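Residues per chain, in single letters:
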Amino acid sequence: MSETIAKPVIVKELLESLQTEVQEEQQVIVHCCFPASPFLGNLIRIWHSTYLFDNQSDHRSRLIHAENITIYPNWTPVPFMKDFWFTLVFSGLPKGCKSFDLKEVIPEEGGFFVESIKRNSSDIYRVKILESYL
């Protein structure tokens, strides 16, 4: 015979404090497209100093992980005449953030920059990296 176990009761204050921690640990995922180029030999990379800048505050979300693109100083070859996709994972944005900029803060010209990305409820985005910013 199996024994029935009663569902435990969790104190309201504990649930509220845990919810705050979950919200603080949320991440932002940005799928980036580097459009097809008619030039051979294009190379691409990302620097650790790439951030999401909240347009409503001084907050900046740091880069946590990059997928399908190398981190400085290494380079990733871009296929000829094919859109190249990579994914960046950032620390969470503040609850009040309505839009943000993706900016690669580097000591040379050509950093990535995507301005005024409108915030959504999923915190998953698709952006196009324009060649004029590279």
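Predicted model, so just to flag it, every value in this text is computed and none were measured.

Draft legend 1. Main features of the sheet that holds strand β7 (residues 99-104). If you trace the 7 strands from one edge of the open sheet to the other, you get β8-β7-β3-β4-β6-β1-β9, paired in mixed fashion. The strands lining the two open edges of the sheet, one partner per strand, are β8 (113-118) and β9 (124-128). Averaged over all adjacent pairs, the angle separating strand axes in this sheet is 30°, with direction ignored. One ladder, built from 5 bridges, connects strand β3 (residues 50-54) with β7; its direction is antiparallel. Looking at the pairing, Leu52 lines up with Leu102 of β7.

Draft legend 2. Representation of the pattern of salt bridges within the structure. Counted under the stated rule, the structure contains 2 salt bridges. Where Arg45 meets Glu108, a salt bridge forms, and the shortest distance between an N and an O atom there is 3.6 Å. Remark: Glu108 occurs in the loop between β7 and β8 and Arg45 occurs in the loop between β2 (43-44) and β3; sequence separation between them is 63 residues. The exposure class assigned to Glu108 is partly exposed, which follows from its relative accessible area of 42%. Arg119 is the partner of Asp123 in a salt bridge, and the nearest nitrogen-oxygen pair spans 2.7 Å. Of the two residues, Asp123 and Arg119, neither departs from the other in class, the shared state being buried.

Draft legend 3. Here's a closer look at the packing of aromatic side chains. Considering all chains together, one arrives at 5 aromatic pairs under this definition. Judged by centre distance (5.8 Å) and plane angle (25°), the ring pair of Phe86 and Phe112 falls under stacked. Taken together, the residues Phe86 in strand β6 (residues 84-91) and Phe112 in the loop between β7 and β8 connect sequence positions 26 residues apart. Looking at Phe112, the relative accessible area reads 3%, which means it is buried. Here the aromatic rings of Phe100 and Tyr125 are separated by 5.1 Å at their centres, their planes lie at 80°, and the arrangement is edge-to-face. Taken together, the positions of Phe100 in strand β7 and Tyr125 in strand β9 put the pair 25 residues apart, joining distant regions of the chain. Note on Phe100: relative accessible area 0%, which makes it buried. For Tyr125, a relative accessible area of 4% gives the class buried. Linked through ring pairs, Phe84, Phe86 and Phe112 together constitute an aromatic cluster. Across the ring face of Tyr51, the terminal group of Arg60 is positioned such that the distance to the ring centre comes to 4.2 Å. A cation over an aromatic ring shows up here: Arg126 above the ring of Trp85, its NZ or CZ 4.9 Å from the ring centre.

Draft legend 4. Expanded view of the nonpolar core. Residues Val30, Phe86, Leu88 and Leu102 are the most contacted members of the largest nonpolar core, which totals 25 residues. Sorting the residues of this core by element identifies β1 (27-34), β4 (60-67), β6, β7, β8 and β9 as the ones contributing at least two each. Here Phe86 is in contact with Val30, His31, Cys32, Ile44, Glu67, Asn68, Ile69, Phe112 and Ile129, once residues within four sequence places are set aside.

Draft legend 5. The arrangement of unusual backbone geometry in detail. Cis geometry is found at the peptide bond from Tyr72 to Pro73, where omega equals 15°. Relative to the elements of secondary structure, Pro73 occurs in the loop between β4 and β5 (76-77). A positive phi angle, close to 70°, is found at Asn68, a residue other than glycine. For Asn68, the position within the fold is in the loop between β4 and β5. For Asn68, a relative accessible area of 47% puts it in the partly exposed group.

Reading guide: rules and limits
- Residues numbered from 1 in each chain as written.
- Predicted model: local features only at pLDDT ≥ 70, side-chain atom pairs only at ≥ 80, totals over all residues.
- Heavy atoms only, no water.
- Pairing = 2+ DSSP bridges.
- Helix = DSSP H or I, 4+ residues; strand = E, 2+ residues; numbered from the N terminus.
- Axes fitted to C-alpha atoms, helices over the stretch in contact; angles between N-to-C directions.
- Salt bridge = Lys/Arg side-chain N within 4 Å of Asp/Glu carboxyl O.
- Buried < 20%, exposed > 50% of the residue type's maximum accessible area, 1.4 Å probe, protein only.
- Phe/Tyr/Trp six-rings, centres within 6.5 Å; stacked < 30°, edge-to-face > 60°.
- Lys NZ or Arg CZ within 6 Å of the ring centre and 35° of its normal.
- Core = buried A, V, L, I, M, F, W, Y, C linked by side-chain atoms within 4.5 Å.
- Contact = heavy atoms within 4.5 Å.

Nothing here speaks to function; it is geometry throughout.
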